[in-house]
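Summary of the model geometry
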Amino acid sequence: MTDLFETIRRSLVPIHKEGYPFILIGIVLTVLLGYFAQAFFWIFLILTLWVCYFFRDPERVVPTVDGLVIAPADGRVNLISTVLPPPELDLSHEPMLRISVFMNVFDCHVNRVPVAGKIGQIHYTPGLFLNAELDKASDDNERNGLVIETTHKGLPLRVGVVQIAGLVARRIVGFVSAGDTLQTGERFGLIRFGSRVDVYLPTTARVLVGLGQKSVAGETVLADLGGGPERAFRRI
């Protein structure tokens with residue numbers, strides 16, 4: 001029995017504290033409305049269980065090799081392009097490599113820093129709530145941008161990370177402040193209920209993911225700052 005309980009314990013994923021108020025509301029509604037109609041009980045019980053699932057915060061095994069850029073979010077790689085970075089971050093006046101990860105409402109929404117370094121600045125920009133999969137969401141939607149001051153091969157480097165609200169998302173939550181120093185894969189924020197995260201890198205970085213690929217925050221390698229051989233992908 002001890003082994004069984006240990007297996008169950010390891011299978012349970014921690015819930016981030018940001019989810020506690022929503023879970024409590026779900027429990028209260030389940031009990032109160034379920035008192036009047038059994039159908040309401042089952043509907044709100046399922047919704048409460050989904051909220052628990054949404055706010056899950058599993059541990060991740062993070063690659064720590066110098067130069068690797070790790071995925072900041074669970075989801076699907078939906079955009080890989082060379083574009084001008086958001087002007088409010090003052091990253092560069094030249095185009096940079098942008099890799100975007102779209103999170104649907106079933107993905108884990110705890111975000112993690114893609115590279116180790118110091119948070120140079122944080123800039124919140126109010127905006128619209130368009131479909132986060134659209135390219136123009138980078139410019140039009142509500143967003144929260146971070147500049148991470150890091151190094152590669154001893155040289156200073158600035159990487160941009162932008163949390164973008166989507167159709168359903170109405171709240172971007174930050175866990176860090178300007179001046180904080182973080183290791184690769186540490187949690188820096190959360191977006192509630194569907195959204196996107198963009199990473200801005202130098203154009204010399206080598207992309208190591210393909211469009212449509214599933215991304216796991218803190219584990220999937222998005223790119224290599226040191227360049228290297230290209231990767232080819234195919235759908236099967």
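A brief report on the enclosed structure follows. Every chain begins its residue count from 1, and numbering advances along the sequence as written. Given that the model is predicted, a residue must reach a pLDDT of at least 70 before its local features are reported, and side-chain atom pairs must reach 80 or more before they are shown or counted; all residues, however, enter totals for whole chains, interfaces and linings. Side-chain figures throughout are based on the complete set of non-hydrogen atoms in the structure, without hydrogens or water.

Notes on the side chain of Asn-141
Stated formally: Secondary structure counts use DSSP, requiring at least four H or I residues in a row for a helix and at least two E residues in a row for a strand, with both numbered from the N terminus. Whenever a nitrogen or oxygen atom comes within 3.5 Å of another N or O atom, the pair is scored as a polar contact, on the condition that within protein one atom can donate a hydrogen and the other can accept it, and that pairs from neighbouring residues in sequence are kept only if both atoms are in side chains.
By the secondary structure assignment, Asn-141 is in the loop between helix 4 (137–140) and strand 6 (143–152). Here Ala-165 takes part through its backbone oxygen, which lies 2.7 Å from a polar atom of the side chain of Asn-141.

Considerations on the sheet that holds strand 11 (residues 195–201)
The condition that has to hold: Think of it this way: DSSP has to see at least two bridges between two strands before they count as a pair.
Reading across from one edge, 9-5-6-7-11-3-2-13 is the order of the 8 strands in this open sheet, with antiparallel pairing throughout. Across the chains shown, the open sheet's two edge strands, defined by having one partner strand only, are strand 9 (181–182) and strand 13 (214–215). Two strands pair when backbone bridges link them, and strand 2 (residues 75–83) and strand 3 (residues 96–103) are joined in this way by 7 bridges, in the antiparallel orientation. Within the sheet, the bridge partner assigned to Val-83 lies in strand 3 and is Met-96.

Quick look at the nonpolar core
Heads up, the condition is: We call a set of buried Ala, Val, Leu, Ile, Met, Phe, Trp, Tyr and Cys residues a nonpolar core when their side-chain atoms join them within 4.5 Å. When a residue's accessible area, from a 1.4 Å probe over protein chains only, is under 20% of the maximum for its type it is buried; when over 50% it is exposed; and in between it is partly exposed. Note on contacts: a residue pair is in contact if any heavy atoms of the two residues lie within 4.5 Å.
Membership of the largest hydrophobic core comes to 31 residues, with the highest contact counts inside it found for Val-69, Ile-99, Phe-188 and Leu-201. Counting residues per element, the ones that place at least two in this core are strand 3, strand 6, strand 7 (155–165), strand 10 (187–191), strand 11 and strand 14 (221–224). Setting aside residues up to four positions removed in sequence, Ile-99 forms contacts with Val-77, Leu-79, Ile-80, Val-197, Asp-198, Val-199, Leu-201, Val-207, Val-209, Leu-222 and Ala-223.

A short note on a nonpolar patch on the surface
Applicable threshold: The patch calculation keeps residues exceeding 30% relative accessible area without a salt bridge and links them within 9 Å when they carry like charges or within 5 Å when they are nonpolar (Val, Leu, Ile, Met, Phe, Trp, Tyr). Under the convention used here, a 1.4 Å probe and the Shrake-Rupley method define accessible areas, while residue burial counts only the protein chains that appear. Salt bridge, as applied in this entry: a Lys or Arg side-chain nitrogen positioned within 4 Å of an Asp or Glu carboxyl oxygen.
A cluster of nonpolar side chains, Leu-24, Val-28 and Leu-32, forms an exposed patch at the surface whose accessible area comes to about 280 Å². Positionally, Leu-32 belongs in helix 2 (residues 20–36).

Regarding helix 3 (residues 38–54)
Counted only if it meets this: Working rule for helices: expected span equals 1.5 Å times residues minus one. The arc in question is the one traced by the directions running from the helix axis out to the C-beta atoms.
Between its first and last C-alpha atoms helix 3 spans 24 Å; for 17 residues at 1.5 Å apiece the expected length is 24 Å, and the two agree. All buried positions along helix 3 are accounted for by Thr-48, Val-51 and Phe-54. When helix 3 is viewed along its axis, its buried side chains cluster within an angular range of 115° and face the same direction. In helix 3, the exposed residues that point more than 90 degrees away from the buried face are Gln-38, Ile-46 and Leu-49. Close packing links the buried residues of helix 3 with helix 2 and strand 10.

Some thoughts on the packing of helix 2 against helix 3
Here is the rule: Axes here mean lines fitted to C-alpha atoms, for a helix over just the part in contact, with angles spanning 0 to 180 degrees between N-to-C directions. These descriptions rest on fixed angle ranges, namely under 35 degrees for roughly parallel, over 145 for roughly antiparallel, 65 to 115 for roughly perpendicular, and the rest for oblique. Classification used: nonpolar for Ala, Val, Leu, Ile, Met, Phe, Trp, Tyr, Cys and Pro, charged for Asp, Glu, Lys and Arg, polar for all others including Gly.
Relative orientation of the contacting elements helix 2 and helix 3 amounts to 170°, with a least axis distance of 8 Å. Considered as vectors, helix 2 and helix 3 are oriented roughly antiparallel to each other. Of the residues in helix 3, those touching helix 2 at Phe-22, Ile-23, Gly-26, Ile-27, Leu-29, Thr-30, Leu-33 and Gly-34 are Gln-38, Phe-40, Phe-41, Phe-44, Leu-45, Thr-48, Val-51 and Cys-52. Within the contact of helix 2 with helix 3, the residues separate by chemical class into 11 nonpolar, 5 polar and no charged.

A short note on the state of the cysteines
Put simply, the rule is: Throughout, disulfides are identified as pairs of cysteine sulfur atoms within 2.5 Å of each other.
Summed over all chains, the structure comprises 0 disulfides. The thiol of Cys-52 is unpaired, and the distance to the nearest cysteine sulfur, on Cys-108, comes to 14 Å. Here Cys-108 falls in the buried class, since its relative accessible area comes to 2%.

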